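Structural description and commentary
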Amino acid sequence: MKIKRYVAPTMRQAMALVRAEQGPDAIIMSSRSSAEGVEVVVSIDLSQQTATEHQVKPPFKDPVHTQNVNGYHAELDRMSNEIQAVKRLLEQQLSGLAWGQNELAEPTKVELMKRLMKLGLSWEISQTLVKNVGQQQEPDQAWSFILQEIETMIPKVDRDIIESGGIVALVGPTGVGKTTTIAKIASRFVMRYGAAELALITTDCYKIGAQEQLRTFADLIGVPVYVANTQAELFALLDALNMKRLVLIDTAGMSQRDLQLSQQLTSGHAGADKVRNYLVLSAATQLNVMRDIVNSFGRVVLKGCILTKLDEALQLGNVVSVLVEAELPMAYVSVGQRVPEDLQKMTAVDLVDRVVMLGQQNPVYVDEQLYRIGMAKELVNGQ
């Protein structure tokens, strides 16, 4: 007898490998999840395998056998789903048990955790912040220390877009205000350096009226707008405009799950290293959605982000959590529709002050029972 190990991304694929090599009567000794996916260990009868190799394979598939195999796959899938559900339930129960033990052993840390999560910060960031709090520390003193820690964790911007110039592209999902933000940056730049030093490019050939909106802004400040429909046109324009102090590129807005994302004109091509990409992100977005957006648009190299709709956000703890987790500097914030007045810089201190203020006005409420059963993390991170 011999043991053989099969590894595949899913249980279905692993079983297909086993059947292809060992036939439908292979003896499965064990199966488990692994870093590569699913690992299946099979017992091989060498004598039976040798005899099987000399047999002539039937020229057709037995429909009854095929039906049995399909039923076997369905049963495996059902069992796998049930096991995963039980695993999640156990994790939640253990989480709730650990929370109860911590509440008894370290009540100060638990109260600080709740306080942070009421501000909208993620479960993970909140845990990191209270980790080094001593039990002998006064709660108010510990709270002040934690707020200072948040300020130091927020990444700092090393280059200002308007002052440093270069080629800058704004990327992000639809409806976050990329075109309006371009207009605000352009207006600020023209007031400082003049219209002759600026050029605007749009690659948005999808949204109806997008080019007209940008042209209207550009006409008001006397700046030309160029249209690039292909990557070749874009890089030809960049070569032609290389004497400009600042070139701003308004890209097409699309869902973070759109397959066209990998074909963004400002990524993955020769000459793309000239372009500095900034993610435009609405502050009035749930934490899980923000994370999804940042992960998806992170396929292009992001130099920082611009936060819009700050005036519409009820919480900003989600913003801080994403900035810290993704190590994403905050270039500007937009607090309204006025051009260019509502484009501002915001320091880490000012952002944290605003987080606390909004958190006190609109605290995230988590029922105490959810901590006990380990469900608080899902609720807090879903805000």
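Residues numbered from 1 in each chain as written. Predicted model: local features only at pLDDT ≥ 70, side-chain atom pairs only at ≥ 80, totals over all residues. Heavy atoms only, no water.

**Some points on the overall build of the protein chain**
As a reminder of what qualifies: We count a stretch as a helix when DSSP gives it H or I for four or more residues in a row; a strand needs E for two or more, and each element gets its number in order from the N terminus. Only heavy atoms matter for contacts: two residues are in contact if any of them lie within 4.5 Å across the pair. Only the protein chains shown count as cover for residues, and all accessible areas are computed by the Shrake-Rupley method using a 1.4 Å probe.
Each helix and strand in the protein chain was counted, giving 15 helices and 11 strands. Pairs at least 24 apart in sequence give 75% of the contacts found in the protein chain among residues at least 6 apart. Looking at the protein chain as shown, the accessible area adds up to about 20,600 Å², and 53% of this sits on carbon and sulfur atoms.

**Focus on unusual backbone geometry**
This is how it is decided: To sort residues, take the accessible area from a 1.4 Å probe on protein chains only and compare it with the maximum for the residue type: under 20% means buried, over 50% means exposed, and anything in between is partly exposed.
Of note, the bond from Val339 into Pro340 is cis; its omega dihedral lies within 30 degrees of zero at -5 degrees. Located in the positive-phi region is Lys309, a residue other than glycine, with phi close to 55 degrees. A positive phi is found at Glu327, a non-glycine position, where the angle reads about 50 degrees. You can see Glu327 is positioned in the loop between helix H12 (317-326) and strand S10 (330-334). For Glu327, a relative accessible area of 64% gives the class exposed.

**Focus on the packing of aromatic side chains**
In plain terms, the rule: Ring geometry is summarised as follows: Phe, Tyr and Trp rings, the Trp one being its six-membered ring, pair when their centres sit within 6.5 Å, and such pairs are stacked at plane angles under 30 degrees, edge-to-face over 60 and tilted between the two. Sitting over a ring, as applied to charges here, requires NZ of Lys or CZ of Arg to be within 6 Å of the ring centre and within 35 degrees of the ring normal.
A full pass over the atoms with the stated rule returns one aromatic pair. Directly above the ring of Trp143 sits Arg115, whose terminal nitrogen or CZ lies 4.1 Å from the centroid.

**Observations concerning the pairing of S10**
Filter applied, for reference: Pairing between strands requires that DSSP locate at least two bridges from one strand to the other. Handedness of a crossover is defined as follows: with both strands directed away from the viewer, a clockwise route from the first strand across the helix to the second makes it right-handed.
By the criterion of burial, S10 is predominantly enclosed, with five of the five residues buried. As paired elements, strand S9 (residues 302-308) and S10 share three bridges and run parallel to each other. Residue pairing for S10: Cys305 is matched across the bridge by Met330. Note on the crossover from S9 through H12 to S10: the handedness is right-handed. Where S10 meets strand S11 (residues 343-344), two bridges bridge the pair, whose relative direction is antiparallel.

**A few points about the nonpolar core**
Rules: Among the buried residues, those of types Ala, Val, Leu, Ile, Met, Phe, Trp, Tyr and Cys that are joined through side-chain atoms within 4.5 Å form a nonpolar core.
Ranked by size, the top nonpolar core spans 49 residues in total, and within it Ile150, Ile154, Leu279, Leu316 and Leu351 carry the most contacts. Setting aside anything within four residues of it in sequence, one finds Leu316 in contact with Leu119, Ala283, Leu310, Leu351, Arg354, Val355 and Leu358.

**Quick notes on the pattern of salt bridges**
What counts here: By convention in these notes, a salt bridge is any Lys or Arg side-chain nitrogen within 4 Å of a carboxyl oxygen on Asp or Glu.
Inspection of the entire model under this criterion finds seven salt bridges. Between Arg291 and Glu124 there is a salt bridge; the shortest N-O distance is 3.2 Å. Here the residue Arg291 occupies a position in helix H11 (residues 287-297), and Glu124 occupies one in helix H5 (residues 123-130), the gap between them amounting to 167 residues. Note on Glu124: relative accessible area 28%, which makes it partly exposed. With a closest N to O distance of 3.6 Å, Glu163 and Arg192 form a salt bridge. Taken as a pair, Glu163 in helix H7 (residues 161-164) and Arg192 in helix H8 (residues 178-193) lie far apart in primary sequence, 29 residues in all. Residue Glu163 is classed as partly exposed on the basis of its relative accessible area, which comes to 44%. Each of the salt bridges in this network shares a partner with another, and the network as a whole consists of Glu124, Arg291 and Glu325.

**Some remarks on helix H13 (residues 348-361)**
Stated formally: For a helix, the expected span equals 1.5 Å multiplied by the number of residues minus one.
Its 14 residues place the ends of H13 20 Å apart at the C-alpha level, agreeing with the 20 Å of an ideal helix rising 1.5 Å per residue. Regarding H13, the residues found buried are Ala348, Leu351, Val352, Val355, Val356, Leu358 and Gly359.

**Details of the confidence of the model for the protein chain**
The cut-off we apply is this: Here pLDDT means the predictor's own confidence in every residue, given as a number from 0 to 100.
Summary statistics for the protein chain give a mean pLDDT of 77 and a share of 71% for residues scoring 70 or more. Counting contacts from residues 49-57, a segment whose pLDDT is below 50, to residues more than four positions away or on other chains yields two contacts.

**Regarding the sheet that holds S11**
Which entries qualify depends on this criterion: With axes taken as lines fitted to C-alpha atoms, and helix axes fitted only over the stretch in contact, angles between N-to-C directions fall between 0 and 180 degrees.
The strand order S6-S5-S7-S4-S8-S9-S10-S11 describes an open sheet built from eight strands, whose pairing is mixed. Lying at the two open borders of the sheet, with one neighbouring strand each, are strand S6 (225-227) and S11. Relative to strand S8 (residues 275-282), strand S4 (residues 166-171) runs parallel, the two sharing five bridges. In the sheet register, Ile167 faces S8, and the bridge partner there is Val275. Sheet strands touched by H8: S4, strand S5 (198-202), strand S7 (246-250), S8, S9, S10 and S11. Its angle to S7, the strand with the most contacts, is close to 165 degrees. Taken strand by strand, H11 contacts S4, S8 and S9, and its axis lies near 165 degrees from that of S8.

**Focus on the pairing of S9**
Along S9, six of the seven residues are buried, which leaves the element largely enclosed by surrounding structure. Inspection of the sheet shows S8 paired to S9 by six bridges, in the parallel sense. When the bridges of S9 are listed, Ser282 appears paired with Thr308. Taking the sense of rotation as the criterion, the β-α-β connection linking S8, H11 and S9 turns out right-handed.

**Re the packing of helix H6 (residues 139-153) against H13**
Applicable threshold: To sort the angles, those under 35 degrees are grouped as roughly parallel, those over 145 as roughly antiparallel, those from 65 to 115 as roughly perpendicular, and the leftovers as oblique. The handedness criterion is simple: a crossing whose near helix is rotated anticlockwise from the far helix by less than a right angle is left-handed, and one whose near helix is rotated clockwise is right-handed.
In the contact formed by H6 and H13, the axes pass within 9 Å of each other and the chain directions differ by 130 degrees. Here H6 is positioned oblique relative to H13, judged by the angle of their axes. Regarding H6 and H13, the two cross each other, and that crossing is right-handed. Here H6 contributes Leu147, Ile150 and Glu151 to the contact with H13, which in turn contributes Ala348, Val349, Val352 and Val356.

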